[in-house]
Every structure is written in C-alpha cells, then in structure tokens.
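Residue-level structural notes
Listed below are the residues making up each chain.
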Amino acid sequence: MIYETRAEWMDAARKRVLLFGMSGLGKTRISSILRDGGWFHYSIDYRIGTRYMGEAIADNFKREAMKVPLLRELLLSDSVRIASNITFDNLAPLSTYLGKPGDPALGGLPFDEYRHRQNQHREAEIAALLDTPHFIDRAHDLYGYDNFVCDSGGSICEVVNPDSRTDPVLSVLSRHALMVWIEGSEAHTADLIRRFDKAPKPMYYRPEFLLECWHAYLSETGRMPGAVDPDAFVRWTYARALAHRQPRYAAMAANWGLRVAADEIARVQTPGDFRELIGAALDKRASQAA
C-alpha cells in the first residue's frame with residue numbers, strides 16, 4: 001500500500017485513494033464531499049460513459065431516432081445532434097445502453113447483443129481503471145490538485161483477480177492509490193435489495209456468472225430467452241450478484257488495501273472526517289497484522 005501507517009497517511013502532501021464496493025454504499029457521496037473540499041474527483045463510470053462508450057451510447061440513441069421519419073430526415077441532413085448528457089450524478093445513458101436481456105416488447109435485448117454490450121463495458125472499465133495514474137498526474141500538473149479520489153464502479157471486482165499478486169489492473173492501481181473498501185453489513189445488503197427491487201437497473205456481471213444465472217433462470221422459470229421479463233431477470237440475479245461480489249471485495253481489501261464500514265462512511269461530513277477515518281483504519285490494519 002502507498003500508505004502503511006496513520007503517520008504516513010496524515011503526513012502525505014498528496015493523498016490518493018480509490019474507493020470500491022457495491023453501488024449505494026457511499027462512494028460517490030464521499031467523493032463529492034472530498035471534491036467540495038478541494039480534492040480531484042475521478043469517476044470511473046463517467047470515464048466509461050464518455051471516453052470509452054460515448055460513441056456507442058450516442059449511436060444507440062441515433063438508431064432509435066432513425067426509426068422516426070422526421071428525425072431520420074433531420075439526422076441525415078445534419079440538422080440535429082443527438083448526444084449523451086451523462087454526469088457524475090446521472091449515469092442513466094450508460095446503464096440504458098448496457099440494458100437488460102429478454103423480451104424486446106418489454107425493453108429487453110437479445111442475449112447475444114446483451115453479452116456484446118457486457119463485453120464492451122468490461123473492456124471500457126479496465127481501460128478507465130488503468131487511466132487512473134494519468135489522471136492523478138493530470139490533476140496535479142495541469143490543475144494543481146494535491147489530493148485525488150477515484151470513485152470506482154461497483155463492478156471493479158468483476159474485472160480483476162483479487163487473489164493474484166500479479167493482477168495487471170490491481171498492480172497498477174495499488175502503486176498509485178490507497179484502495180479502500182466500503183464494506184456493507186447484512187442490513188445494508190437487505191436495504192440494497194429492497195431498493196433494487198423497486199427500481200431494477202442494468203449492471204455488469206462477470207461472464208461466467210452471467211451465463212450461470214441466465215441458464216439457471218431459464219431452467220427455473222421455463223421461459224424461452226426471447227420471452228424473459230428483463231426486470232424480473234435482473235431482480236432475480238441481483239441478490240446473487242451481491243453474494244458473488246462480497247468475497248471478491250474482501251479479497252481486494254485483504255490483499256491490496258483496507259476496509260472501512262459503510263456505517264462509518266455515512267458519518268463522514270468533511271474531508272477532515274475522512275482523513276481521520278482512514279487513519280483509524282490504517283491503525284486497525286496494523287494492529288491486526290501485529
């Protein structure tokens with residue numbers, strides 16, 4: 001780790017952290033607090049949706065617009081522009097493009113197309129994560145930011161091998177930032193499931209996990225692929241995805257960084273609170289290792 005002790009962390013002129021964990025546990029909230037306190041905020045999902053998948057997202061919008069005669073005519077004559085308005089707080093264009101598999105009449109994608117978009121996301125997420133050192137330097141050299149927070153996506157654990165000491169992504173990230181897992185409790189997990197059930201959203205899955213869930217769902221429901229309710233499938237998959245990710249996050253924290261509890265993160269209100277929380281987490285890790 002780039003900071004091994006509380007003293008190293010507190011005394012560092014340039015503080016650099018990467019937050020990871022399930023979506024909904026406070027990564028973006030903390031990143032916003034730090035940004036307001038003078039830190040540079042690098043959002044992996046924003047980078048994916050702008051730099052690496054922006055063209056595919058816009059083309060998808062255009063494909064739908066081309067089905068409307070008036071819009072088709074205007075697009076072909078370059079009379080209108082269609083673009084994604086993705087922001088740190090609104091990643092809907094990215095999740096809409098990623099989509100859900102199932103019945104097209106219910107907004108679903110054919111499974112092969114869905115897998116293609118999943119693979120696009122995987123490649124984009126890896127590229128965006130590997131851009132982190134560039135943005136650390138860019139934030140400092142171009143804009144004068146000493147402190148840097150990387151707000152990673154919930155699927156970071158799906159695109160790395162946390163048990164491999166030579167993982168190409170984690171090796172790079174750990175050399176440039178302190179990796180911090182925001183760990184949720186069983187109560188947090190239950191709350192995330194309830195929230196997801198009310199508003200199911202697209203998400204990225206590890207390819208092997210996705211295929212296992214897809215075939216199991218088809219077998220359990222007796223549905224043909226083109227007749228699957230997309231929302232029903234992602235609801236069915238979500239709790240399984242949380243259980244699948246938990247040990248991967250834990251391995252990332254054990255082998256590459258440290259952990260803080262989501263309840264502790266929820267109490268952070270200022271950059272000073274965050275600095276103290278990380279200092280305490282480093283003390284705890286050191287005492288456990290002794």
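Below, the structure is looked at part by part. (Residues numbered from 1 in each chain as written. Predicted model: local features only at pLDDT ≥ 70, side-chain atom pairs only at ≥ 80, totals over all residues. Heavy atoms only, no water.)

Looking only at helices and strands, the protein chain features 14 helices and five strands. Taken over C-alpha atoms, the radius of gyration comes to 20 Å for the protein chain, in line with the 19 Å a tight globule of 290 residues would show. Taking the principal axes of its C-alpha atoms as reference, the protein chain extends roughly 65 × 50 × 35 Å. In the structure as shown, the protein chain presents an accessible area of about 14200 Å², 50% of it carried by carbon and sulfur atoms. Counting 36 positive and 38 negative side-chain charges, the protein chain places the averaged centre of each group 1 Å from the other. (Helix = DSSP H or I, 4+ residues; strand = E, 2+ residues; numbered from the N terminus. Rg over C-alpha atoms; globule rule 2.2 N^0.38 Å. Areas by Shrake-Rupley, 256 points an atom, 1.4 Å probe, with all protein chains shown as cover. Lys, Arg positive; Asp, Glu negative; His and termini not counted. Charge placed at Lys NZ, Arg CZ, Asp CG, Glu CD.)

Within the element layout of this structure, arginine 248 appears in helix 12 (residues 230-256). Buried and unpaired, arginine 248 has glutamate 158 as its nearest opposite-charge partner, separated by 4.3 Å. Within the structure, arginine 248 has its side chain in polar contact with the backbone oxygen of cysteine 157 (distance 2.7 Å). Within the structure, the side chain of arginine 248 is placed 2.7 Å from the backbone oxygen of valine 160, a separation counted as a polar contact. Apart from the residues within four sequence positions on either side, arginine 248 is in contact with Cys157, Glu158, Val160, Asn161, Pro162 and Arg206. (Buried < 20%, exposed > 50% of the residue type's maximum accessible area, 1.4 Å probe, protein only. Salt bridge = Lys/Arg side-chain N within 4 Å of Asp/Glu carboxyl O. Polar contact = N/O pair within 3.5 Å; in protein donor to acceptor, adjacent residues only side chain to side chain. Contact = heavy atoms within 4.5 Å.)

In this section: the nonpolar core. Counting 80 residues, the largest nonpolar core has Trp9, Phe20 and Phe274 as its most contacted members. In terms of residue count, helix 12 provides more of this core than any other element does, 10 residues in total. Setting aside chain neighbours within four positions, we find phenylalanine 20 in contact with Lys27, Ser152, Ile156, Met179, Val180, Trp181, Ile182, Tyr249, Met252 and Ala253. (Core = buried A, V, L, I, M, F, W, Y, C linked by side-chain atoms within 4.5 Å.)

For lysine 198, the position within the fold is in helix 10 (residues 186-198). A relative accessible area of 73% places lysine 198 in the exposed class. Separated by 82 residues in sequence, lysine 198 and histidine 116 have C-alpha atoms that sit 27 Å apart.

A few words on the packing of aromatic side chains. As enumerated under the stated definition, the model contains 16 aromatic pairs in all. Centre to centre, the rings of phenylalanine 196 and tyrosine 238 are 4.0 Å apart; their planes meet at 0°, and the pair counts as stacked. Placement of phenylalanine 196 in helix 10 and of tyrosine 238 in helix 12 is noted, with a sequence separation of 42 residues between them. Since its relative accessible area comes to 8%, phenylalanine 196 is described here as buried. Using a relative accessible area of 6% as the deciding quantity, one classes tyrosine 238 as buried. Sitting over the ring of tryptophan 9, lysine 15 keeps its end group 5.7 Å from the ring centre. Sitting above the plane of the tryptophan 256 ring, arginine 165 keeps its charged end 4.5 Å from the centroid. (Phe/Tyr/Trp six-rings, centres within 6.5 Å; stacked < 30°, edge-to-face > 60°. Lys NZ or Arg CZ within 6 Å of the ring centre and 35° of its normal.)

Per the counting criterion, the structure on display carries 12 salt bridges. Put simply, lysine 100 and aspartate 231 hold a salt bridge, and the shortest N to O gap is 2.5 Å. Here the residue lysine 100 occupies a position in the loop between helix 6 (92-98) and helix 7 (111-130), and aspartate 231 occupies one in helix 12, the gap between them amounting to 131 residues. A network of salt bridges, in which partner residues are shared, links Arg6, Glu276 and Asp283.

The next subject is the packing of helix 7 against helix 11 (residues 207-221). Describing two packed helices takes the angle between their axes plus the distance from one axis to the other. Following both chains from N to C, one finds helix 7 and helix 11 inclined at 155°, their axes separated by 11 Å at the closest point. Considering the angle they form, helix 7 stands roughly antiparallel to helix 11. Handedness of the helix 7/helix 11 crossing: right-handed. Seen from helix 7, the contacting residues are Phe111, Tyr114, Arg115, Gln118 and Arg122; seen from helix 11, they are Pro207, Leu210, Leu211 and Trp214. Split into classes, the residues belonging to the contact of helix 7 with helix 11 amount to six nonpolar, one polar and two charged. (Axes fitted to C-alpha atoms, helices over the stretch in contact; angles between N-to-C directions. Parallel < 35°, antiparallel > 145°, perpendicular 65-115°, else oblique. Left-handed = near helix turned anticlockwise from the far one by under 90°. Nonpolar A, V, L, I, M, F, W, Y, C, P; charged D, E, K, R; others polar.)

Moving on: the sheet that holds strand 3 (residues 148-151). Read across the sheet, five strands follow the order 2-3-1-4-5 without closing on themselves; strand pairing throughout is parallel. In this open sheet, the two strands that pair with only one neighbour each are strand 2 (40-43) and strand 5 (257-261). On average, adjacent strands in this sheet sit at an angle of 25° to one another, irrespective of strand direction. Running over the sheet, helix 3 (residues 44-52) touches strand 2 and strand 3 and is turned about 60° from strand 2. (Pairing = 2+ DSSP bridges.)

Let's shift gears to a nonpolar patch on the surface. A cluster of nonpolar side chains, Val68, Leu70 and Leu71, forms an exposed patch at the surface whose accessible area comes to about 240 Å². Tracing the chain through its elements places valine 68 in the loop between helix 4 (54-65) and helix 5 (69-76). (Patch = residues over 30% accessible without salt bridge, like charges linked within 9 Å, V, L, I, M, F, W, Y side chains within 5 Å.)

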